[in-house]
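Residue-level structural notes
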Amino acid sequence: MGTKRQGRYTVMFEKPPIIRSYAAIVGEKEAEGPLGAYFDTVCEDPMMGQDSWEEAEGQLQYTAVLKALDKAFLRPEDIDYLFAGDLLGQTIATSFGVMELQIPHFGLYGACSTMGESLSLASMAVDGGFASRVVAVTSSHFASAEKQFRYPLGYGNQRSLASTWTVTGSGALVLESAEECSEQAAKKCVRVHGITTGKIIDYGIKDSQNMGACMAPAAAFVIASHLKDMNRKPEDYDRIITGDLGTVGQKILFELMREEGYDIEGSHMDCGIEIFDHETQDTHAGGSGCGCSATTLCSYVMHQMEIGEWKRVLFVPTGALLSKISFNEGLSIPGIAHGVVLEKDG
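Residues numbered from 1 in each chain as written. Predicted model: local features only at pLDDT ≥ 70, side-chain atom pairs only at ≥ 80, totals over all residues. Heavy atoms only, no water.

Applying the stated criterion to the full structure yields 6 aromatic pairs. Ring plane angle 70° and centroid distance 5.1 Å describe the contact between Tyr38 and Tyr300, whose orientation is recorded as edge-to-face. Of this pair, Tyr38 sits in the loop between α1 (28–31) and β4 (41–43) while Tyr300 sits in helix α10 (residues 290–306), and the two are 262 residues apart along the sequence. Overall, Tyr38 belongs to the partly exposed group, its relative accessible area being 31%. The exposure class of Tyr300 is buried, given its relative accessible area of 17%. For the pair Tyr300 and Trp310, a centre-to-centre distance of 5.6 Å together with 90° between the ring planes defines the contact as edge-to-face. Placement of Tyr300 in helix α10 and of Trp310 in the loop between α10 and β14 (312–316) is noted, with a sequence separation of 10 residues between them. Connected via pairs of aromatic rings, a cluster forms that spans Tyr38, Tyr300 and Trp310. The positively charged end of Arg312 is found above the aromatic ring belonging to Tyr237, 5.6 Å away from the centroid. (Phe/Tyr/Trp six-rings, centres within 6.5 Å; stacked < 30°, edge-to-face > 60°. Helix = DSSP H or I, 4+ residues; strand = E, 2+ residues; numbered from the N terminus. Buried < 20%, exposed > 50% of the residue type's maximum accessible area, 1.4 Å probe, protein only. Lys NZ or Arg CZ within 6 Å of the ring centre and 35° of its normal.)

Right, here's the structure in full:
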């Protein structure tokens, strides 16, 4: 085992990658929510000028990457690797969306935890010296997700109160080695200091309308494992941020964490709860999708860290590992989560 490892599941970087820039692109519904002022671009056309929902989602990723590069005064050819994924079969939104960029590409699938997975692997590549600059990006689209995982929109089915609303949006971050950044700029940046990689957790839940219950055990495992590996307490973090557990999953998370001996209620935030106004937007348990945690991270979370409101954050996107095939065969829905430690220097 190398010296970077801390305990069983955590790695702390010797040369923490710098988050050089970030961008969040969302649809109109997301922009009308509480975080609307923090997003870079609002897409008024849900089709993004494309012929299908899947192509529209690909365009979200393309737009988010270009925006993040533009904010860093970079071009696609300045990027060594692209770590990207989405919810669709064979990650087709990613494949067709970022193809034109012609950046060496790792396609990833971690369901709604993919932002954590892409950010983790991108950071490892930079810290390990395999790349100087990389991009991590994920996306989701309400219509493409409904089409694949639930029902065609025209079906008009009634959603359960435990269900969540898939976010239409994409978030992208440019990571850079400290050597590529000026010393003065590096001291003021947000860095990825470490990661805690989750494992597949299955509590036997089969309700595909209740993603929060499916994912909460995986989130609890990662958070508890991280705190144990690092010998830290929840109070050591300004925020412990899960991806899209929603109101149902949050309650389960709190219970599971108390069983582990931790009370995280005072520091917990869930992207799925924050992104929509539950009083006015009728999203039931909250938001979900790869784009939920990605757009919240690449807007509100990064803003709070850059202004110094938060100094250390544990970002834990969560995913439910199901497909139409597994659901139709009556299989349970396992969960996965990935933890990323973000710290503001200076």
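Resuming the write-up.
Relative to the helices and strands, Ile200 is located in the loop between β10 (190–197) and α7 (211–230). For Ile200, a relative accessible area of 58% gives the class exposed. Sequence separation between Ile200 and Cys214 is 14 residues; the distance between their C-alpha atoms is 11 Å. Excluding its chain neighbours within four sequence positions, the residues that come into contact with Ile200 are Leu321, Pro334, Gly335 and Ile336. (Contact = heavy atoms within 4.5 Å.)

A separate point is the nonpolar core. In this structure, Ile19, Leu297, Phe315 and Leu342 are the most contacted members of the largest nonpolar core, which totals 42 residues. Secondary structure elements with two or more residues in this core: β3 (18–27), α4 (114–127), β7 (133–140), β9 (169–176), β10, α10, β14 and β16 (335–344). It is α10 that provides the largest number of residues to this core, a total of 8 residues. Sequence-distant contacts of Ile19, defined by excluding residues within four places in its chain, comprise Leu173, Val174, Leu175, Val190, Val192, Met302 and Leu342. The next biggest cluster of nonpolar side chains, apart from the first, holds 29 residues, and it includes Ile201, Ala218, Val222 and Leu245. (Core = buried A, V, L, I, M, F, W, Y, C linked by side-chain atoms within 4.5 Å.)

What follows concerns the side chain of Asp345. One can find Asp345 in the segment after β16. There is a polar contact of 2.4 Å between the side chain of Asp345 and the side chain of Arg191. (Polar contact = N/O pair within 3.5 Å; in protein donor to acceptor, adjacent residues only side chain to side chain.)

Under the definition given, this model contains 11 salt bridges. In this structure, Asp40 and Lys71 form a salt bridge, with 3.0 Å as the shortest nitrogen-oxygen distance. Separated by 31 residues along the polypeptide, Asp40 in the loop between α1 and β4 and Lys71 in helix α2 (residues 53–71) bring together distant segments of the chain. Judged by its relative accessible area of 29%, Asp40 falls in the partly exposed class. Note on Lys71: relative accessible area 34%, which makes it partly exposed. A salt bridge links Lys228 to Glu260, with the shortest nitrogen-to-oxygen separation between them at 2.8 Å. Placement of the pair is Lys228 in helix α7 and Glu260 in the loop between α8 (246–259) and β12 (268–270), with a sequence separation of 32 residues. We classify Glu260 as partly exposed; its relative accessible area is 40%. Each member of the salt-bridge network shares a partner with another, and the members are Arg20, Arg133 and Glu176. (Salt bridge = Lys/Arg side-chain N within 4 Å of Asp/Glu carboxyl O.)

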